[in-house]
Amino acid sequence: MFPELVVLKLLTVTIICSDIRASSATIKSRPHKRMHYQSREVHRKSSILRHNRIENDYLETNFIGPPSRPTSSSHSSPFSWDDLQFRPYFDNKNEDNVTAQLGKTAQLHCRIRQLANRTVSWVRQRDLHILTAGQYTYTSDQRFSCIHLENSDDWTLEIKYVQKDDAGVYECQVNTEPKMSLSIRLSIVANKALIPEGPELFVESGAVIKLTCIIYETSSSSLYIFWYREGTVINYDSKRDGIKVTTERGPSTVSHLEILDAKVSDSGEYSCKPSFAEFANITVHVSDEFKQKSELKEIQYHQLEPEPVEPSGSRYSRTRIYSDNFYTLLIGLLICIDIFYHNY
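A. Representation of the overall build of the protein chain in the model. The secondary structure content of the protein chain amounts to four helices and 20 strands. Buried residues in the protein chain amount to 30% of all 344 residues. Pairs at least 24 residues apart make up 60% of the contacts formed inside the protein chain by residues separated by at least 6 positions. Surface accessibility of the protein chain: about 23900 Å² in total, with carbon and sulfur atoms responsible for 56%.

Okay, here's the thing in structure tokens:
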């Protein structure tokens, strides 16, 4: 407490005590003068009020209070714990845009210098939902968490198994006055499946339907591929026998679907849907017409085929040559007889 306040307190106590002693002496010496006693009591109370008012005026003009939370105009106060030289600030190396692959883990880094005992919160801007405060998670979606190492300036929002709906803007906030925030935009990219036999495949009934699904640059072992027909997943344990699926993993994931003894009922739209990539479609046509058309073409081919020609040295060809010569000589002989008869 300041010396001036101590002096004021002592002065006030001294005056009050002297007034009390004077009042007591007056009462003892003059017990019958009640009116005088009442006037002295009023004087004592007014004296107390007067000294209290003097003390309050002094405090309002000279008292310096304890440091309070900073405001936009409080940087000049030497006691401000948010002075410019101690106020937190965001690191210039923070990234404003982050891109993550669908199904993988996304990390949004927020580096804050001179944080002291303040709290960092992550807020999703789309619905203003508080995801984390400090290292505590305030959402029921357990894919979200805040990672912070002791004595580190990095407060990282981690999102596991990111989905397309996770794309958007996230804010890293610090509970200063005014509030500090850093906006980071998260973008989601997805690989696309490819069916090289598409977009249409024509198959004869009784043949084998062979489909291939390729997803490039997928080193994740958690990638699963499902085959669908007309929007319904193909059940490999169904009554339809002859269905086989094999998957090859590596830098690219390849899935093979084989359906033996194709039937007309196997026609339809087939889809390859990976767990962490965009799906691909193909339309399969199975019909008996292809077989009938091939048989018809074969018949037409045989009908247009020319008659076989016998070799020139065969017995059939020699007999035919002899008969042709005989008829030629006979006709020539008849012509000669006719001419000779008319001349003679």
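Still more ground to cover, so stick around.
B. Quick peek at unusual backbone geometry. In this structure, Pro178 follows Glu177 across a cis peptide bond, with omega equal to 0°. Counting through the fold element by element, Pro178 comes out in the loop between strand S9 (168-174) and strand S10 (180-189). With omega at 5°, the peptide bond leading from Gly198 into Pro199 counts as cis. Mapping Pro199 onto the fold places it in the loop between strand S11 (191-192) and strand S12 (200-204). Phi at Ala116 takes a positive value of approximately 60°, unusual for a residue other than glycine. Along the chain, Ala116 falls in the loop between strand S3 (106-113) and strand S4 (120-124). Positive phi, close to 50°, is recorded for Tyr161, a residue that is not glycine.

C. The sheet that holds S12, seen in detail. Reading across from one edge, S12-S20-S18-S14-S15 is the order of the five strands in this open sheet, with mixed pairing throughout. Strand pairing shows two members of the sheet lacking a second neighbour, S12 and strand S15 (232-233), which therefore form its edges. Pairing geometry for strand S14 (residues 225-229) and S15, over two bridges, is antiparallel. The residue of S15 that forms the bridge with Arg229 is Thr232.

D. Geometry of the state of the cysteines. Across all of its chains, the model carries two disulfides by this definition. Between the sulfur of Cys110 and that of Cys172 lies a disulfide, 2.1 Å long from S to S. The disulfide joining Cys110 to Cys172 has a torsion of about -80° about its S-S bond and is therefore left-handed. Note that Cys110 is positioned in strand S3 and Cys172 in strand S9, a separation of 62 residues in sequence. For Cys110, a relative accessible area of 0% gives the class buried. Cysteine pairing in the protein chain follows 1-2, 3-4, where each cysteine in a disulfide is numbered by its order in the sequence. The thiol of Cys146 is not disulfide-bonded; the next cysteine sulfur, from Cys172, is found 8.0 Å away. Since its relative accessible area comes to 8%, Cys146 is described here as buried.

E. Just the layout of surface pockets, in detail. Its boundaries defined by the atoms lining it, the largest pocket holds a volume of some 210 Å³. Considering the residues around the largest pocket, the lining is formed by 13 residues, among which Arg229, Ile234, Arg240, Ile243 and Asp266 are closest to the centre. For the lining of the largest pocket, the class distribution of residues is five nonpolar, four polar and four charged.

F. The arrangement of the sheet that holds strand S2 (residues 97-101) in detail. Taken together, six strands build an open sheet; the order of strands is S2-S10-S9-S4-S5-S6 and the sheet is mixed. Both outer strands of the open sheet, S2 and strand S6 (136-137), are each paired with one neighbouring strand and no more. Pairing of S4 with strand S5 (residues 129-133), which is carried by four bridges, proceeds in the antiparallel orientation. Bridge pairing in S5 links Trp122 to Thr132.

G. Layout of a nonpolar patch on the surface. A surface patch of nonpolar side chains, amounting to about 380 Å² of accessible area, comprises Leu330, Leu333, Leu334 and Ile337. Summarising the element assignment, Leu330 is placed in helix H4 (residues 315-343). Classification of Leu330 as partly exposed rests on a relative accessible area of 37%.

H. Representation of the confidence of the model for the protein chain in the model. Summing up the model confidence of the protein chain, the mean pLDDT is 76 and the portion of residues at 70 or higher is 60%. Note that pLDDT drops below 50 for residues 58-79; the model gives that stretch 24 contacts with residues more than four away or on any other chain.

I. A look at the pairing of S5. Between S4 and S5, which pair antiparallel and follow one another directly, the connecting turn spans four residues, one of which, Leu128, has a positive phi of 55°. For S5 and S6, the ladder comprises two bridges, and the chain directions are antiparallel. By the bridge assignment for S6, Thr132 is matched with Thr137. The hairpin turn running from S5 into S6, its antiparallel successor, is two residues long, and Gly134 in that turn takes a positive phi close to 65°.

J. Just the environment of Leu102, in detail. Following the sequence through the fold, Leu102 ends up in the loop between S2 and S3. Overall, the relative accessible area of 11% leaves Leu102 in the buried class. Separated by 86 residues in sequence, Leu102 and Ile188 place their C-alpha atoms 5.9 Å apart. Other than its neighbours up to four places away in sequence, Leu102 contacts Val162, Gln163, Lys164, Ile188, Val189, Ala190, Phe276 and Ala277.

The rules behind each value
- Residues numbered from 1 in each chain as written.
- Predicted model: local features only at pLDDT ≥ 70, side-chain atom pairs only at ≥ 80, totals over all residues.
- Heavy atoms only, no water.
- Helix = DSSP H or I, 4+ residues; strand = E, 2+ residues; numbered from the N terminus.
- Buried < 20%, exposed > 50% of the residue type's maximum accessible area, 1.4 Å probe, protein only.
- Contact = heavy atoms within 4.5 Å.
- Areas by Shrake-Rupley, 256 points an atom, 1.4 Å probe, with all protein chains shown as cover.
- Pairing = 2+ DSSP bridges.
- Disulfide = S-S within 2.5 Å.
- 1 Å grid on protein atoms, 1.4 Å probe; cavity = no way out; pocket = protein on both sides within 12 Å on 5 of 7 lines; lining within 4 Å.
- Points joined across faces, edges and corners; volume = space filled by probe spheres on them.
- Nonpolar A, V, L, I, M, F, W, Y, C, P; charged D, E, K, R; others polar.
- Patch = residues over 30% accessible without salt bridge, like charges linked within 9 Å, V, L, I, M, F, W, Y side chains within 5 Å.
- Salt bridge = Lys/Arg side-chain N within 4 Å of Asp/Glu carboxyl O.
- pLDDT = per-residue confidence, 0-100.

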